[in-house]
Amino acid sequence: MFYNLKKVIWTTMIAIIVFGLIILYSASSQSTRVNHQVFYNQLLFSGLGLLAIFFLSRVDYRKYYDLAYVFYGINIFLLIGIFLFGYYALGAKRWIEFFGFNFQPSEFMKFSLILALARYFADHKPRVSAHRSWARPAFFPEFGIPLLMTLVPTLLIFKQPDLGTALLILGIFFVVVFVAGASVKYLASFLGICVLATPVLWHMMKSYQKDRLMVFLNPNIDPLGAGYTIIQSKIAIGSGQFFGKGWLAGTQNQLNFLPERHTDFIFSVIGEEWGFMGGMALLACFCLLIFASLRVVEQAKDTFGYLAGVGFVTIFALQVVINIGMVLGLCPIVGITLPLISYGRSSFLVFVFMFGFLINVGKKNKLL
Amino acid sequence: MRLKILKIIIICCFVILVLGLGHLQIVRGSFYESLGIHNCIRVVPVEPNRGRIFDRNGIVLADTQVSFDVMVVPQEIKDQEKIFSFLSKTLGVEKKKLLGLYQKRKLASFAPVTIAEDIARDQAIVLEENKFRYSGLLVEVRSKRRYPWGEIGAHVLGYVGRVSPERAEQFKNYGYTIEGMTGYSGLEEYYDSFLRGKEGGVQIEVNNRGQQVRLLGMKVAAPGQDITTTLDLRIQQVAQNLLAGERGVVVVMNLDSGEILGMVSAPSFDPNAFLSSASSKQRASYFTNVDAVLLNRAIRGQYPPGSVFKIPIAIAALHTKKLTPRTSFLCNGFYTLGNRVFRCSHAHGVQDFTQAIAHSCNVYFFHTGLILGPKIIEEYARLFGLGALTNIDLPYEEKGNIPRSDLFAKRRWSKGDTLNFSIGQGDLLVTPIQLLKMMAVVARDGKDILPSVIQFIGPSPVRREATLRTLDIPKMYFDKVKVGMRGAVADEAGTARVLLRDDVVVFGKTGTAQSSGNKPHHAWFVGFCPQAKTRIVFCVFLENGGSSYNACRVAADLLKEMKLQDIL
């Protein structure tokens, strides 16, 4: 059973990547809005990525414990650097050029923050779990400092502006702090403050972000503008029905009605061409991968591995849920990619690191 | 413990996703499928070829030709310099000029801009062959109405243009759309439903830019029906030349069938000008011109008939037995009523009934008019169809105006008004086609006639429904009047003496009508040739043309030319 866990993780991961490539081939097959080159780039990248996971899984994950704060520091520095050296694309300053490679430091921040939070809680175990009955929970050690560690990058990313990733990072904080055992009182009150702060946040948002939220509430407000993407996406998925229109046969996809279909909206291509069957199969793969990974993490030998692992699986699951949710029109459109499937180097690379880490955790506890 | 909560939350999220997916794809699947089809399938209308219009001898008066227009789509242009250099080279037009046109006409990035219209076929082929090398270039093939004879007969033909929003709304049940073409004025409008044909369409699959990807199906457009008119192009040409530089009307009608052989209203316009955007200035001038070039004076112009009106009065006088053909009056050249003097052209001396018509003696008809009274004059004017539509098959015919009898009872109507009425002046207004019809009815001894411009629709002859009544007036009265009208041409002192010919026997009546203001008089001649090879009735009218003599000269030239061309 435990031995099979390794097989399960590798198989589902490869299955998801291959499925993603097949979809990407279709999404780029007309070479009109989405160039053919996208597919070959991703093919090369996935190959290299899998190789990288294989090697990274041989690196002792405890090395990350030593480097956690270093990673975090460098990443904060890069996020600040974006404002100085970064360049604009799609109306936001998210990218930075690094030895000829363009990448988004915000993507790596997910990884670094999880490591940093995991190390923090490994060093400062909340007392609550042990002495629930009498100890007054200490605010700063178990909640305040992690919150500060999270808010700094959150604000930097929010400023880019990248609402989706900023919210995602807040999500990581909640889950890691929750699982680490911090007092529910703090979490609940922080959540309350967040809700109260929403109007302020609304005020700070860029107009396109406001549009997106409004459009989420009613896509027909602006069917050719901000609502266009979500309406076309829903048409694509809905018209796929149970069996789908078949590979390379989706009219919404092939006739170019779907924007951003190789990145954030790739699930709509799956929905259209593979139907409910394809969508369910993919969701099943994701589910399997998530729970297999959690199974590995549960048995981690130390708190650092445990918390970092939970963080990684959480972010993976969150991205899957939010991405598919927004493509289905269940939640607002925030720029969040579908893990292992959406085209994009930075996002892919982060998951390479994560899975390398997770598999190594499994190795150390003799599960894999 | 806390991990378990996390797991449950993740499972819940996935369940929500599955439910969402199922709702979208299974519950609402067919709804979205129809939306998807609607998204990518378009029906593009294909305009039918408009029916042609022929003259009575089969000569084309209007047809439809293939025309090639060059367009560019701004958003698809990759290299503007390159594409315009190529266009300039192929079309032989300066690049600056083309670029200027492009900048001027550009509306939106997705809307194609017309750069050149109606280019030569071989130029179009060159462009079409190279289209793929110049992204954004389009050659559109359109069918375009053509009027090979330009101004000649333009008023009868009318012109075509895009359907106006009002008309599209009014006729939407008949398949009129704002993109379609429709006829305006003339035959193009009157017989639009036959000429236009049935719109076809192609069903195509398009991408997000609306570009065609695949052809799914098509319905062939049914071409419109050709129509053959009663017009004779030769008469049209002759009449057009005779009216050059004038404002006026020539109408020639077959006396037996009511077929209009010729109808020209001057000044005329070129219906081709309504078809290309290059001639928009010319088009605009038509609407603002002081001479009202678009007005078909033959059916829409309303003028006092002058002495031509003496014909129904003469018949009224005989028919009511108020006068006999022997009744004579003395003409001193004027008639005094109280302190007002009503003039005649000159002192005619003693005039009997036929002489009075031949010489157009006003004094004779002043006496007649006073004897008859305005009521009888009005009655007979209406009897001969004045002040009413002739129901010719052309749109927007005007009615003219005959003073109404309820007016006569009031004090406003004086004897002076009756005198003016008796010589076709005053409030009396008629259209040239009405006078022509009146003359035809007289020539046919009271048998009514229906003027028509159409002979065949497609291959089948047109029978326009009409019950032609015959006036209950004895033939002998008509004969007496005809003697007078023959005298107008044949007598030494006849008013239309220029029309006397050895080879054609012409009957007729002249008219000189005062026009409002200080402008020259209107000149009329309305006559008929009952013994010619083709029995015709004709009407010549010159707006502010001066003396009726001028109209007679035009009529004489018209008959001469028709005889030369062996029509009469």
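Residues numbered from 1 in each chain as written. Chains lettered and ligands numbered in written order. Predicted model: local features only at pLDDT ≥ 70, side-chain atom pairs only at ≥ 80, totals over all residues.

Asks: What exactly am I supposed to notice about the overall build of chain B here?
Replies: When its secondary structure is counted, chain B shows 21 helices and 21 strands. By residue count, 43% of the 568 residues in chain B fall in the buried class. Residue pairs in contact within chain B that sit at least 24 positions apart in sequence constitute 70% of those at least 6 positions apart. (Helix = DSSP H or I, 4+ residues; strand = E, 2+ residues; numbered from the N terminus. Buried ≥ 20, exposed ≤ 12 C-beta atoms within 10 Å, placed from the backbone. Contact = placed C-beta atoms within 7 Å.)

Asks: Would you mind showing me how to read the overall build of chain A here?
Replies: Helix and strand content of chain A: 13 helices and three strands. Intrachain contacts of chain A at a sequence separation of at least 6 include 71% that bridge at least 24 residues.

Asks: Can you walk me through the sheet that holds strand β20 (residues 522-529) of chain B in this structure?
Replies: Backbone hydrogen bonds are what pair the strands of a sheet, in a parallel or an antiparallel way. Residue and element names in this part refer to chain B. Spatially, β12-β11-β21-β20-β19 is the arrangement adopted by the five strands of the open sheet, whose pairing is antiparallel. Each of the sheet's edge strands pairs with one partner strand only, and the pair in question is β12 (260-266) and β19 (507-513). Ignoring which end each strand starts from, the neighbouring axes of this sheet average 5° apart. Inspection of the sheet shows β20 paired to strand β21 (residues 536-542) by seven bridges, in the antiparallel sense. Along β21, the bridge assignment pairs G527 with F538. (Pairing = 2+ DSSP bridges. Axes fitted to C-alpha atoms, helices over the stretch in contact; angles between N-to-C directions.)

Asks: I tried to follow the interface of chain B and chain A on my own but got confused; where do I start?
Replies: You'll often see interface size given as the accessible area lost when the parts meet. At the interface, 29 residues of chain B touch 34 residues of chain A. The set of elements that each furnish at least two residues to the side of chain B that touches chain A consists of α1 (2-27) and α2 (29-40) of chain B. Of the residues forming the side of chain B that touches chain A, the biggest block, 16 residues, is contributed by α1 of chain B.

Asks: Just checking my understanding: could you explain the pairing of strand β15 (residues 340-343) of chain B for this structure?
Replies: Residue and element names in this part refer to chain B. Here four bridges tie strand β14 (residues 334-337) to β15, and the two strands are oriented antiparallel to one another. Across the sheet, residue F334 finds its bridge partner in β15, namely R343. Linking β14 back to β15 in an antiparallel pair, the connection comprises two residues, with G338 at a positive phi of about 60°.

Asks: How should I be thinking about helix α19 (residues 432-443) of chain B in this particular structure?
Replies: Owing to its 3.6 residues per turn, the α-helix brings residues three or four apart onto one side. All names here are of chain B. Taking 1.5 Å per residue, 12 residues should reach 16 Å; α19 reaches 16 Å between its end C-alpha atoms and fits that length. Most of α19 is tucked away: 12 of the 12 residues are buried. Turning to α19, its buried residues number three or more, namely P432, I433, Q434, L435, L436, K437, M438, M439, A440, V441, V442 and A443. Lining the buried residues of α19 we find β11 (248-254), α12 (297-300), α13 (310-319), α20 (475-490), β20 and β21. Where α19 ends, the next residue or the one after it, D445, has phi of about 55°, a positive value. (Expected span 1.5 Å × (residues − 1).)

Asks: Got a minute to help me understand unusual backbone geometry in this structure?
Replies: The general pattern is negative phi for most residues beyond glycine and trans for most peptide bonds. In this model, A266 of chain B is joined to P267 of chain B through a cis peptide bond whose omega is -5°. Mapped onto the elements, P267 of chain B comes out in the loop between β12 and α11 (280-288). Even without being a glycine, L340 of chain A presents a positive backbone phi close to 70°. By secondary structure assignment, the location of L340 of chain A is in the loop between α12 (303-327) and α13 (345-364). Given 27 C-beta atoms within 10 Å, L340 of chain A falls into the buried group. Of note, the phi angle at D118 of chain B is positive, near 55°, even though the residue is not glycine.

Asks: Would you mind showing me how to read the packing of helix α11 (residues 266-298) of chain A against α13 of chain A here?
Replies: Residue and element names in this part refer to chain A. At their nearest, the axes of α11 and α13 sit 8 Å apart, and the two run at 45° to each other. It follows that α11 is oblique to α13 by the angle criterion. When the axes of α11 and α13 are compared, the crossing they make is left-handed. Contact with α11, carried on its side by S293, V296 and V297, involves L358, V361 and G362 of α13 and no other residues of that element. Within the contact of α11 with α13, the residues separate by chemical class into four nonpolar, two polar and no charged. (Parallel < 35°, antiparallel > 145°, perpendicular 65-115°, else oblique. Left-handed = near helix turned anticlockwise from the far one by under 90°. Nonpolar A, V, L, I, M, F, W, Y, C, P; charged D, E, K, R; others polar.)

Asks: Would you take a moment to explain the nonpolar core for this structure?
Replies: Ranked by internal contacts, the top residues of the largest apolar core, which has 127 residues, are V251, A555 and L558 of chain B. Of the residues forming this core, the biggest block, nine residues, is contributed by α19 of chain B. When residues of this core are sorted by domain, at least three fall in each of domain 1 (44-129 + 140-229) and domain 2 (233-564) of chain B. Residues I9, I16, I53 and I157 of chain A belong to the second largest nonpolar core, which totals 109 residues. (Core = buried A, V, L, I, M, F, W, Y, C linked by C-beta atoms within 7 Å. Domains from an automatic or database assignment.)

Asks: For this particular structure, what's the right way to read α13 of chain A?
Replies: Taking 1.5 Å as the rise per residue, α13 of chain A with 20 residues should run 28 Å; its terminal C-alpha atoms sit 29 Å apart, in good agreement. Among the 20 residues that make up α13 of chain A, 16 are buried, leaving the element largely enclosed by the rest of the structure.

Asks: Honestly, the packing of helix α3 (residues 62-85) of chain A against helix α5 (residues 139-159) of chain A in this entry has me stumped. Any pointers?
Replies: Residue and element names in this part refer to chain A. For the pair α3 and α5, interaxial distance at closest approach is 10 Å and the crossing angle is 25°. Judged by the angle between their axes, α3 and α5 are roughly parallel. Between α3 and α5 lies a crossing of left-handed hand. Touching I76, L79 and I80 of α3 are V152, P153, L156 and I157, all from α5. Considered class by class, the residues forming the contact of α3 with α5 number seven nonpolar, no polar and no charged.

Asks: Would you mind showing me how to read the environment of E188 of chain B here?
Replies: Residue and element names in this part refer to chain B. Residue position: E188 is located in helix α8 (residues 186-190). The exposure class assigned to E188 is buried, which follows from the 28 C-beta atoms found within 10 Å. C-alpha separation for the pair E188 and H155, spaced 33 residues apart in sequence, amounts to 10.0 Å. With sequence-adjacent residues up to four places away left out, E188 is seen in contact with L157, G158, Y159, V160, G183 and L195.

Asks: It is not clear to me how the confidence of the model for chain A should be interpreted in this structure. Could you clarify?
Replies: Do not read the predicted coordinates in detail wherever pLDDT is low. Confidence in the prediction of chain A, expressed as mean pLDDT, is 82, and 85% of residues score 70 or more. Contacts from residues 129-135 of chain A, a stretch scored under 50 in pLDDT, to residues over four places away or in other chains number three contacts. (pLDDT = per-residue confidence, 0-100.)

Asks: When you look at the environment of V72 of chain B in this model, what are you seeing that I'm missing?
Replies: Residue and element names in this part refer to chain B. Within the secondary structure, V72 is located in strand β3 (residues 60-72). Along the chain, V72 and L137 lie 65 residues apart, while their C-alpha atoms are 4.7 Å from each other. The residues contacting V72, other than those within four sequence positions of it, are I77, I83, Y102, P112, V113, I115, G136, L137 and L138.

Asks: How do you make sense of the pairing of strand β17 (residues 454-457) of chain B when you look at a structure like this?
Replies: Consecutive side chains of a regular strand alternate in pointing toward one face of the sheet and then the other. Residues and elements named next belong to chain B. As paired elements, strand β10 (residues 227-229) and β17 share three bridges and run antiparallel to each other. Bridged to T228 within β17 is F456. Two strands pair when backbone bridges link them, and β17 and strand β18 (residues 460-461) are joined in this way by two bridges, in the antiparallel orientation. Looking at the pairing, F456 lines up with P461 of β18.

Asks: Help me out: how do you make sense of the confidence of the model for chain B in this one?
Replies: On average, chain B scores 88 in pLDDT, and the residues at 70 or more come to 97%. The ipTM, which scores confidence in the relative placement of chains, is 0.88 for this predicted complex, and the corresponding pTM is 0.62.

Asks: I'm lost on the environment of L157 of chain B in this one. Help?
Replies: In this fold, L157 of chain B is placed in helix α6 (residues 154-157). On the neighbour-count criterion, L157 of chain B (24 C-beta atoms within 10 Å) is buried.

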